[in-house]
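The residues making up each chain are set out below.
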Amino acid sequence: MSSSETIKIPAELLPGDGRFGSGPSKIRMEQLHALVADGTTYMGTSHRQATVRHKVGEVREGLRALFNLPEGYEVLLGNGGTTCFWDAATFHLISRHSQHLSFGEFSSKFAAAVKAAPHLCDPQVIESPVGTHPLAVVEEDVDLYALTHNETSTGVMMEIQRPVGATGLVAVDATSGAGGLMVDPTQFDCYYFAPQKSFASDGGLWLALCSPAAIERIETLAASDRWTPASLDLKIALDNSRLNQTYNTPALATIHMLASQIKWMNDNGGLSFSSGRSRQSAEILYTWAEASDFATPFVNNPAHRSNVVGTIDFRPDIDATLIAKILRANGVVDTDPYRKLGRNQLRIAMFPSIDPEDVASLLACVNYVVGHL
Ligand SMILES: *Cc1c(COP(=O)(O)O)cnc(C)c1O
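Residues numbered from 1 in each chain as written. Predicted model: local features only at pLDDT ≥ 70, side-chain atom pairs only at ≥ 80, totals over all residues. Heavy atoms only, no water.

Here we look at unusual backbone geometry
Defined as follows: Put simply, DSSP marks the helices as runs of H or I at least four residues long and the strands as runs of E at least two long, and each gets a number from the N terminus on.
Residue Pro24 is bonded to the preceding Gly23 through a cis peptide linkage, with omega at -5 degrees. Secondary-structure assignment places Pro24 in the segment before helix 1 (29-37). Positioned with a positive phi, Asn244 is a non-glycine residue whose angle comes to about 55 degrees. Among the structural elements, Asn244 can be located in the loop between helix 6 (234-242) and helix 7 (252-267).

Quick word on the site of the ligand
Just so we agree on the cut-off: Consider each residue's heavy atoms; a residue with any of them within 4 Å of a molecule or strand counts as near. N or O atoms closer than or at 3.5 Å make up a polar contact, with two conditions inside protein: a donor-capable atom paired with an acceptor-capable one, and, for residues adjacent in sequence, both atoms drawn from side chains. Areas reported here follow the Shrake-Rupley algorithm with a probe of radius 1.4 Å; residue values treat only the protein chains shown as occluding.
Neighbouring residues of the ligand: 13 residues in total, closest Thr83, Thr152, Asp173, Gln196 and Lys197. Measuring from a nitrogen atom of the ligand, one finds a side-chain N or O atom of Asp173 at 2.6 Å. Contact between the ligand and Gln196: an oxygen atom at 3.1 Å from a side-chain N or O atom of the residue. Protein contacts shield 86% of the accessible area of the ligand, which totals 390 Å² for the unbound molecule.

Details of the packing of aromatic side chains
The condition is simple: The criterion for an aromatic pair is that two Phe, Tyr or Trp rings (for Trp, the six-membered ring) have centres within 6.5 Å, with stacked assigned to planes under 30 degrees apart, edge-to-face to planes over 60 apart and tilted to the rest. Whether a residue is buried, partly exposed or exposed follows from its accessible area with a 1.4 Å probe, protein chains only, as a fraction of its type maximum: under 20%, in between, or over 50%, in that order. Geometrically, a charge over a ring is one whose NZ (Lys) or CZ (Arg) sits within 6 Å of the ring centre while staying within 35 degrees of the ring normal.
With the rule as written, the count across this model stands at 15 aromatic pairs. Both rings, one in Phe67 and one in Phe193, keep their centres 6.3 Å apart while their planes meet at 35 degrees; by these two values the pair is tilted. On the criterion of sequence distance, the pair formed by Phe67 in the loop between helix 2 (50-66) and strand 1 (74-79) and Phe193 in strand 8 (residues 190-193) is long-range, its members being 126 residues apart. Take Phe67 and Phe193: they sit in the same class, and that class is buried. When the centroid spacing of 6.3 Å and the interplanar angle of 85 degrees are considered together, the rings of Phe91 and Trp227 count as edge-to-face. Here the residue Phe91 occupies a position in helix 3 (residues 81-92), and Trp227 occupies one in the loop between helix 5 (212-223) and helix 6, the gap between them amounting to 136 residues. Members of the aromatic cluster, connected to one another through ring pairs, are Phe67, Tyr73, Phe188, Tyr191, Phe193 and Phe199. Taking NZ or CZ as reference, Arg305 lies 5.9 Å from the ring centre of Tyr286, over its face.

Topic: the state of the cysteines
Cut-off, in case you're wondering: Criterion for a disulfide: a pair of cysteine sulfur atoms at a distance within 2.5 Å.
For the structure shown, the criterion picks out zero disulfides. There is no disulfide at Cys190, and the cysteine sulfur nearest it, in Cys210, is 4.1 Å away. By relative accessible area, Cys190 is classed as buried at 2%.

A look at the side chain of Thr246
Under the convention used in this document: In what follows, residue pairs with any heavy atoms lying within 4.5 Å of each other are defined as contacts.
Mapped onto the elements of the fold, Thr246 is located in the loop between helix 6 and helix 7. Looking at Thr246, its side chain comes within polar contact range of the main-chain oxygen of Asn248, at 2.7 Å. Non-local contacts of Thr246, meaning those with residues more than four positions away in its chain, are made with Arg48, Leu77, Gly78, Asn79 and Asn240.

A short note on the pattern of salt bridges
Cut-off, in case you're wondering: Here a salt bridge means any side-chain nitrogen of Lys or Arg lying within 4 Å of a carboxyl oxygen belonging to Asp or Glu.
One pass over the structure, following the stated rule, counts 18 salt bridges. Residue Asp355 pairs with Arg277 through a salt bridge whose shortest N-O separation is 2.6 Å. Placement of Asp355 in the loop between strand 12 (345-349) and helix 10 (356-371) and of Arg277 in helix 8 (residues 271-291) is noted, with a sequence separation of 78 residues between them. For Asp355, a relative accessible area of 25% gives the class partly exposed. In this structure, Arg328 engages Asp334 in a salt bridge whose closest nitrogen and oxygen atoms are separated by 2.9 Å. A residue is classified by how much of its surface remains accessible, and Asp334, at 33% relative accessible area, is partly exposed. It is possible to trace a salt-bridge network through shared partners that takes in Lys26, Arg277 and Asp355.

Spelled out as structure tokens, the structure:
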């Protein structure tokens, strides 16, 4: 190890919690303690019995309240995380032809899944350079518009708005945005996510807030002659969700920690509280970067700079990877850049669980490290 890699950051500069990863992300100790407290009555019990089903019901009701869902919207859940939900969507959410806004790794993946599906038309993909986002273009034969609330690979967020005049469904990948960004539920038909980001739980589950139009689409396609694997069948997921169950066995700890996080958000004022924490962290981060002589926000347009995942470029003579390594050696972890983006940058999660003061401390640590390189 070179001497710079052994830089010891003074304890008084360190954040109270050193987890800044974009997923799996920081889980609050209160959530872990609550899980342990229910250890012998909840963990290791049947997911078909009242205890666990009650917890699933708490999650569904809690999300309904958090997002202020209009009458008729339903909360669906199933196993496999967002990636499996994309596959399920190719069976039961897209009739024939979808349009995808592609502006990073995650948004491009759903388009790729659709392109590979032999029963669907090739998707229409609208791209924009990394660090920006494209806009939907209303087309008559598009039956689903695939948007992404926050592109986790680049740190770009976009406002969720139903394209004016669109007749197709609006489906939003909100995996990293949900809970950390404001959203108006009348602007989407399906807002789906996994719990390992703003909801501070573990991966492996998907959740989808569905409008009556999305439910109708699921029912219509499930009744059609399209072959669908049962584990990706959204009608089966719908029927099970209505009973506060999943089709096959879920991870019970994931559901428990998710329920705790939703309750924490709702008890403190709901989405304006949780997204407010992320907004506060983001203000601290981007204000620092704009004032710094060695760091700049990667995203040019301030309105597109994410409140939940910040990407910061570093001057070429300062190796961001080395900074991330030194931070890690000091217990401040997962600030590494998204590898495929290939930039000299740090990526910093600012999900609601992360204390804004800890973001400020992290930046003091970065200043310290850069000053001692
Ligand atoms: C993390 C992430 C995914 C992938 O989620 P999995 O649960 O791992 O499948 C998809 N989309 C976005 C925007 C993400 O941030």
